[in-house]
Amino acid sequence: MPLASAATSIDGGLYTWVTELAQRSPAVLDSAVRLWSDYGLALFAVLMLASWWRSRSSDPARTAMALCAPLVVVATYLVNDVVKSAFHEQRPCQTLHVVTVEACPALGDWSFPSNHAAIAAAAATAIWLTDRRLGRVAVPAALAMAASRVWIGAHYPHDVLVGLLIGVLVAWPLTVAAGRCAPAVVRLRDSRLRPLVAVGTGPASGLRGHL
């Protein structure tokens, strides 16, 4: 079965139902979803910045995890892009020719899995492991980002579900591994770079069990 036909058979009906619902919805809702879909990833950058800022008063392992969060997101994007390049799934709006909220991407702009969903899930995972309070914002925001990609017509539901899964599976072990950089954070707390990794100007208090 051709890849386009296989993708359509998985959840093409659900995709069509969602895009038709979007066409019947108020224009203000569609505009809000489109804005979130296009620019919402900026929220995760703000949350990662807040996570780093708050982690400076935490144990060194959490500080290391917060500092490495952007690198975790980049690594996840690269993994997701490799998968995307391997499958070459056309966008559903190209295959099904439905009317969508946002203009359909050009041919060759592959659909599976969703980069937006993978990036959002990776950021949310890193934030959740570092700061539960901020994670309670990041996790539903990641789910909303994934849903928005289907609503505007850019992805099949399975594209965003697999993107979310890749984001979690890549980001979780990388973020946990980043916590092992706690000794480096402790050394930085005894250096001129202390303001980047700790609150105040006093000497570091040690590894607190992370050596």
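Residues numbered from 1 in each chain as written. Predicted model: local features only at pLDDT ≥ 70, side-chain atom pairs only at ≥ 80, totals over all residues. Heavy atoms only, no water.

**Points about the overall build of the chain**
No. 1: Assigned secondary structure in the chain consists of ten helices and zero strands.
No. 2: Across the chain, helices and strands are ordered from the amino to the carboxyl terminus as α-α-α-α-α-α-α-α-α-α.
No. 3: Taken along its principal axes, the extent of the C-alpha atoms in the chain is 65 × 40 × 25 Å.
No. 4: Among the 211 residues that make up the chain, the fraction classed as buried is 46%.
No. 5: Taking all contacts inside the chain whose residues are at least 6 apart in sequence as the whole, residues at least 24 apart take part in 77%.
No. 6: Put simply, the chain shows about 10400 Å² of open surface, and 69% of that area lies on carbon and sulfur atoms.
No. 7: Positive and negative side-chain charges of the chain, numbering 17 and 12 respectively, have mean locations separated by a distance of 17 Å. (Helix = DSSP H or I, 4+ residues; strand = E, 2+ residues; numbered from the N terminus. Buried < 20%, exposed > 50% of the residue type's maximum accessible area, 1.4 Å probe, protein only. Contact = heavy atoms within 4.5 Å. Areas by Shrake-Rupley, 256 points an atom, 1.4 Å probe, with all protein chains shown as cover. Lys, Arg positive; Asp, Glu negative; His and termini not counted. Charge placed at Lys NZ, Arg CZ, Asp CG, Glu CD.)

**Structural notes on helix α2 (residues 27-39)**
No. 1: Counted at 1.5 Å a residue, the expected span for α2 with its 13 residues is 18 Å, and the 18 Å between its end C-alpha atoms agrees.
No. 2: Considered for burial, the residues of α2 that qualify are Asp30, Val33 and Ser37. Angularly, the buried residues of α2 cover 65 degrees about the axis, an arc narrow enough to put them on a single face. Summarising the geometry of α2, the exposed residues directed more than 90 degrees from the buried face are Ala27, Val28, Leu35 and Tyr39. (Expected span 1.5 Å × (residues − 1). Arc of directions from axis to C-beta.)

**What about the confidence of the model for the chain?**
No. 1: The pLDDT averaged across the chain works out to 87; a share of 90% of its residues lies at or above 70.
No. 2: Averaged pLDDT values over the elements of the chain bottom out at 75 in helix α10 (residues 194-197) and peak at 97 in helix α6 (residues 115-130).
No. 3: Here residues 204-211 is a poorly scored stretch, pLDDT under 50, and it has 18 contacts once near neighbours within four places are set aside; other chains count. (pLDDT = per-residue confidence, 0-100.)

**Focus: unusual backbone geometry**
No. 1: The peptide bond linking phenylalanine 112 to proline 113 adopts the cis configuration, its omega dihedral lying at -10 degrees.
No. 2: Tracing the backbone through its elements, the reader meets proline 113 in the loop between α5 (92-95) and α6.

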